[in-house]
Amino acid sequence: MLVYDGLVTIGKALHQAQRGGAETVPGREDVRGQWSLLQSRHRVPGTSGLICLTTGGNAYDEPVAVVELDPGGEGPGTLKFVGLGWPTGREQPKNCVIPSSTP
């Protein structure tokens, strides 16, 4: 989940930083400059909802998949999805508004 969300977010920033033809590769600073713009209409849809970034470019209230070992499953080490856990204790708002006191 986190790997997918991370790659989708980086891909969105790369896409926004792309200038010129397909053969032009944006520089690291160009991509970094796009990171803080991944808000509002440029929000990135992740596996469990919108990926909300603070003004510092950090993920805010990113959910964690809660799983448990299922001994009755098909084979050793079978995991059973239980649900999502939210760092703030509840699901993020649909509009992805982040409190202004968050860095």
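Keep in mind the model is a prediction, meaning the values are calculated, not measured. (Residues numbered from 1 in each chain as written. Predicted model: local features only at pLDDT ≥ 70, side-chain atom pairs only at ≥ 80, totals over all residues. Heavy atoms only, no water.)

(A) Quick look at the overall build of the protein chain. Scanning the protein chain from terminus to terminus reveals two helices and four strands. The order of helices and strands in the protein chain, counted from the N terminus, is α-α-β-β-β-β. Once local pairs closer than 6 in sequence are excluded, the contacts in the protein chain between residues at least 24 apart make up 48%. With an accessible surface of roughly 7100 Å², the protein chain has 58% of that area assigned to carbon and sulfur atoms. (Helix = DSSP H or I, 4+ residues; strand = E, 2+ residues; numbered from the N terminus. Contact = heavy atoms within 4.5 Å. Areas by Shrake-Rupley, 256 points an atom, 1.4 Å probe, with all protein chains shown as cover.)

(B) Spotlight on a nonpolar patch on the surface. The grouping of V67, L69, L79, F81 and L84 at the surface amounts to a nonpolar patch, some 500 Å² of accessible area in total. Every element with two or more residues in the nonpolar patch is listed here: β3 (64-69) and β4 (79-85). Considering every element that reaches the nonpolar patch, the biggest residue donor is β4, with three residues. The topology assignment puts L84 in strand β4. (Patch = residues over 30% accessible without salt bridge, like charges linked within 9 Å, V, L, I, M, F, W, Y side chains within 5 Å. Salt bridge = Lys/Arg side-chain N within 4 Å of Asp/Glu carboxyl O.)

(C) Just empty space enclosed by the protein, in detail. What the rule picks out here adds up to one cavity of 30 Å³ or more. Empty space within the largest cavity amounts to approximately 40 Å³. No other element matches the three residues that strand β2 (residues 49-51) contributes to the lining of the largest cavity. Considering only residue class, the lining of the largest cavity consists of four nonpolar, three polar and two charged. (1 Å grid on protein atoms, 1.4 Å probe; cavity = no way out; pocket = protein on both sides within 12 Å on 5 of 7 lines; lining within 4 Å. Points joined across faces, edges and corners; volume = space filled by probe spheres on them. Nonpolar A, V, L, I, M, F, W, Y, C, P; charged D, E, K, R; others polar.)

(D) Just the environment of G83, in detail. Structurally, the position occupied by G83 is in strand β4. Separated by 19 residues in the primary sequence, G83 and V64 have C-alpha atoms spaced 8.5 Å apart. Contact partners of G83, with chain neighbours within four places excluded, come to V64, A65 and V66.

(E) Quick look at the confidence of the model for the protein chain. In the predicted model, the protein chain carries a mean pLDDT of 75, and the fraction of residues at 70 or more is 86%. The secondary-structure element of the protein chain with the lowest mean pLDDT is helix α1 (residues 2-17), recorded at 74, while β4 shows the highest, at 84. (pLDDT = per-residue confidence, 0-100.)

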